[in-house]
Amino acid sequence: MMSRLQGLVYVRAFAVSSVNMSKPRVLVTRADIPEKALVMLKEKCEVDVWKMSSPITREELLKRIPGTNGLYCLLTEKIDKELLDAAGPSLKVIGTMSVGYDHLSMDEIKKRNIKVGYTPGVLTDATAELTVTLLLATTRRLFEAHSELLNGGWAKCAWSPLWMTGWGLKGSTVGVFGLGRIGQGVVRRLQGFSVQKFIYSGRSPKKEGEELGAEFVSFDELLRQSDFILVTCAMNKETQGIFDDAAFAKMKKTAIIVNTSRGGVINQEALIKALKTNQIRGAGLDVMTPEPLPPTHELTTLPNCTLLPHIGSAETQTREDMATLTAANIIAGLEDQPLPARLC
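Let me begin by describing the structure that accompanies this report. Only a predicted model underlies this, so the values are computations on that prediction, with no experimental measurement involved.

Turning to the packing of helix α2 (residues 35-44) against helix α14 (residues 316-334), a few remarks are in order. For the pair α2 and α14, the least separation of the axes is 8 Å and the interaxial angle reads 15°. With respect to each other, α2 and α14 are oriented roughly parallel. Between α2 and α14 lies a crossing whose hand is right-handed. Where α2 abuts α14, its residues Lys36, Ala37, Met40, Leu41 and Lys44 lie against Glu320, Ala323, Thr324, Ala327, Ala328, Ile330 and Ile331. For the contact of α2 with α14, the residue count by class is eight nonpolar, one polar and three charged.

Okay, here's the thing in structure tokens:
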């Protein structure tokens, strides 16, 4: 029969063992991430999942974050001082299922020595493909043409020589703003379209640019020379709002701009003005401000603006790879191991 002293020792040992065996707590901000990532997290962690296929509300995020060790978030969640204060010192790692990180208050995160993982590389091909798709859809007016098929316009204008004519890439100058992984992927994909010249602008020349046959130019020269401008940069203090009234005034009146980076890189009011006054020929946007864009927004009324609902990385395998990399970043951070893709 167990003595009282033995019983106390057993209870204490069990309690210590339970503490040692307790799993770290991870908050996942939406339910519709690929299942493989959730399985990975549940093997190692106690997982609290927001049970809706929509962004977690700010109120609910603030309510659930205290005591959390790891946070699995997306672009839809603003990780700022208020949230980090609510999380407290228990928060050790943040994994964002994105390559962009303008939703993260990096200065505040670094002050707290919180590790951050993100998903560069895995979405390069999908976003580069979408950028080319959006460029072609805009230049060849595919959405406008589809509407004409549905509204009877085709029957009225069938085979009219200039009806629904667009603009080809052959012999053009294509400018890339931000020749990172995605920008490089876009140039590779466009090399079979008989483009005459590729130019790019950014902080400094890149050896990859030389390898691709692209010329490094100043931002002003990019604006002046380009027939098509592809925006594939990161958004930061230097690039936010860089495409403003002054920038559009320097562009060719026949120019088309395509943005698959972040909506904030373009001053949207300046873009609307440029499109309405034919300061530039057209725009194709996969990103905008705000997101989701209200269906009644002025951009949706402009025939020379092609809009997509931020689907740059929306390819099935890509999204699964992004999800599992995010989970792997969180698990590594909680186990004090190197993150597979660490931002800070």
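What follows deals with the nonpolar core. Grouped together as the largest cluster of nonpolar side chains are 43 residues, with contacts concentrated most on Val28, Leu41, Tyr72, Val174 and Leu190. When residues no more than four places from it in sequence are discounted, the contact partners of leucine 190 are Val132, Leu135, Leu169, Val174, Val195, Phe198 and Leu230. Val231, Ile266, Ala274 and Leu275 belong to the second largest nonpolar core, which has 30 residues in total.

Right, let's get into the sheet that holds strand β6 (residues 173-177). The sheet built from seven strands is open, its strands ordered β8-β7-β6-β9-β10-β11-β12 with parallel pairing. Because the sheet does not close on itself, it has two edges, and the strands there are β8 (214-216) and β12 (305-307). On average, each strand axis in the sheet is inclined to that of its neighbour by 20°, with strand direction left out of account. Bridge analysis of strand β7 (residues 197-201) against β8 gives three bridges, and the strand direction is parallel. Considered in β8, the bridge of isoleucine 199 is made with glutamate 215. Against the sheet, helix α6 (residues 124-139) engages β9 (228-231), β10 (256-259), β11 (282-285) and β12, with an angle of about 150° to β10. Lying on the sheet, helix α9 (residues 181-190) is in contact with β6, β7 and β9; it crosses β6 at an angle near 165°.

Its location among the elements puts alanine 137 in helix α6. In sequence terms alanine 137 and lysine 206 are 69 residues apart; their C-alpha atoms lie 29 Å from each other. Excluding anything up to four places from it in sequence, alanine 137 contacts Leu142, Phe143 and Thr306.

Conventions adopted
- Residues numbered from 1 in each chain as written.
- Predicted model: local features only at pLDDT ≥ 70, side-chain atom pairs only at ≥ 80, totals over all residues.
- Heavy atoms only, no water.
- Axes fitted to C-alpha atoms, helices over the stretch in contact; angles between N-to-C directions.
- Helix = DSSP H or I, 4+ residues; strand = E, 2+ residues; numbered from the N terminus.
- Parallel < 35°, antiparallel > 145°, perpendicular 65-115°, else oblique.
- Left-handed = near helix turned anticlockwise from the far one by under 90°.
- Contact = heavy atoms within 4.5 Å.
- Nonpolar A, V, L, I, M, F, W, Y, C, P; charged D, E, K, R; others polar.
- Core = buried A, V, L, I, M, F, W, Y, C linked by side-chain atoms within 4.5 Å.
- Buried < 20%, exposed > 50% of the residue type's maximum accessible area, 1.4 Å probe, protein only.
- Pairing = 2+ DSSP bridges.

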